[in-house]
Amino acid sequence: MNVQGSFFDDGEATGISLLNGELAYYPQFFSLAESNELMQILSEKIAWKQESMKMYGKEVLFPRLMAWYGDSASAYGFSGNTFSPQAWTPELLQIRDRITPVSGQVFNSVLLNFYRNGNDSMGWHADDESELGPQPVIASVNFGATRRFQLRYKKDHLQKYELPLQHGSLLMMKGTLQEYWEHQVPKTKKVSDGRINLTFRFIHP
Ligand SMILES: O=C(O)CCC(=O)C(=O)O
Ligand SMILES: [Fe+2]
């Protein structure tokens, strides 16, 4: 078993210690009222786009909507695309400033994903791009439908861990997690509502 147990649980957060990786989960980081309002504002105000990537010589649409915001110095490559960030909105700065004190880290950008329903998804990957530096701290904020967040150990896919990311939650990924683990958000027939995920990152300029 890969999970070495919760290394802390202070009522607000649970620390999850995996083999060569660390997570901290705050299920109700944002109040319900705040979460409802942010879900609404972000779904309307963010410049959502369905991006595509080249796969086997063909353009394939990502199965979700995406957007990229941040400091102008944080251009970023992902799956063969380069994203130039849009300027921070007041709501994104509000969320960033709430999570900064618990992150021990400043963030200069945020990648947003809009899963329109259970048919939208994100496949296995690690956020291990060189621009993020070694042992990046990534803060993942969730609004809307609860979706399953699955992890698997890169060298042994039978080692797995999973948690449901709920409305108003914060998940911190840190340590060597991106080096040793991949994560995904699988499709599901059980969810028809939308979900917005924001991953705050520090891109080394
Ligand atoms: O939607 C999620 O919970 C995961 C998002 C993610 O892994 C990413 O943006 O790199
Ligand atoms: Fe990721």
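For clarity, every value in this text was computed on a predicted model and none was experimentally measured.

Attention now moves to the overall build of the protein. When you go through the protein residue by residue, the secondary structure sums to three helices and 16 strands. On C-alpha atoms alone, the protein measures out to a radius of gyration of 16 Å, which is about the 17 Å that the 2.2 N^0.38 rule sets for 205 residues. Considering only C-alpha atoms, the protein reaches an extent of 45 × 40 × 40 Å along its principal axes. Scored against the burial criterion, the 205 residues of the protein give a buried share of 33%. Across the protein, the fraction of contacts at a sequence separation of at least 24, relative to all contacts at a separation of at least 6, is 72%.

The next thing to look at is the sheet that holds strand 10 (residues 122-125). Strand pairs in the sheet, formed through backbone hydrogen bonds, run parallel or antiparallel to each other. In space, the four strands of this open sheet follow the order 10-15-12-13, with antiparallel pairing throughout. Unpaired on one side and paired on the other, strand 10 and strand 13 (156-165) mark the two borders of the sheet. Mean inter-strand twist for the sheet, computed between neighbouring axes without regard to direction, equals 15°. Of the strand pairs in this sheet, strand 12 (residues 147-153) and strand 13 are connected by seven bridges, and their pairing is antiparallel. Its bridge partner being in strand 13, Phe149 is matched across the sheet by Leu163.

Around ligand 1, the structure places Leu111, Asn113, Met122, Asp127, Ser140, Phe149, Leu165, His183, Val185, Asn197 and Thr199. Mapped by element, the contributors of at least two residues to the shell around ligand 1 are strand 9 (109-115), strand 15 (181-185) and strand 16 (195-201). Counted by class, the shell around ligand 1 contains five nonpolar, five polar and one charged residues.

Moving on to helix 1 (residues 32-45). In this model helix 1 runs 20 Å from its N-terminal to its C-terminal C-alpha over 14 residues, within 8% of the 20 Å that 1.5 Å per residue would give. Among the residues making up helix 1, those that are buried are Ser35, Leu38, Met39 and Leu42. Relative to the axis of helix 1, the buried residues are bounded by an arc of 105° and lie together on one face. Of the exposed residues in helix 1, the ones pointing more than 90 degrees away from its buried face are Ala33, Gln40, Glu44 and Lys45. Tucked inside the fold, the buried residues of helix 1 contact helix 2 (90-103), strand 11 (138-144) and strand 16.

Turning our eyes to something else, we now look at the UniProt feature "domain: Fe2OG dioxygenase" (unreviewed entry) in the protein. Per the UniProt record, "domain: Fe2OG dioxygenase" (unreviewed entry) is found at residues 106-204. Annotated as residues 106-204, this span is 4% helix and 54% strand, and its ends, taken at the C-alpha atoms, are 11 Å apart.

The next point concerns the pairing of strand 4 (residues 52-55). The pairing of strand 4 with strand 5 (residues 58-61) spans four bridges and is antiparallel. Along strand 5, the bridge assignment pairs Met55 with Lys58. Hairpin connection between strand 4 and strand 5: a loop of two residues separates the two successive antiparallel strands, and Tyr56 in this loop has a positive phi of roughly 50°.

Calculation notes
Within any chain, residue numbers begin from 1 and follow the written order of that chain's sequence. Chains and ligands are labelled by the order in which they are written, letters from A for the one and numbers from 1 for the other. Only residues with pLDDT of at least 70 are given local features in this predicted model, and only at 80 or more are side-chain atom pairs given and counted; all residues enter the totals for whole chains, interfaces and linings. What counts as a helix is a DSSP run of H or I of at least four residues, what counts as a strand is a run of E of at least two, and both are numbered from the N terminus. Radius of gyration: over C-alpha atoms. The globule rule applied is 2.2 Å multiplied by the number of residues raised to the 0.38 power. Counting other C-beta atoms within 10 Å of a residue's own tells you its class, since 20 or more makes it buried, 12 or fewer makes it exposed, and anything in between is partly exposed; those C-beta atoms are placed from the backbone. What counts as a contact here is a pair of residues whose C-beta atoms, placed from the backbone, lie within 7 Å. In this analysis, strands are considered paired if DSSP registers two or more bridges between them. Working convention: axes come from line fits to C-alpha atoms, limited for helices to the stretch in contact. Angles between N-to-C directions cover 0 to 180 degrees. The criterion for a residue being near a molecule or strand is a backbone-placed C-beta atom within 6 Å of that molecule or strand. The residue classification treats Ala, Val, Leu, Ile, Met, Phe, Trp, Tyr, Cys and Pro as nonpolar and Asp, Glu, Lys and Arg as charged. All others, Gly included, are polar. Expected span of a helix, by definition, is 1.5 Å for each gap between consecutive residues, and there is one gap fewer than residues. Think of it as the arc spanned by the lines of direction from the helix axis to the C-beta atoms. UniProt positions are given in the numbering used here, feature names are shortened, and annotations may be inferred rather than shown by experiment.

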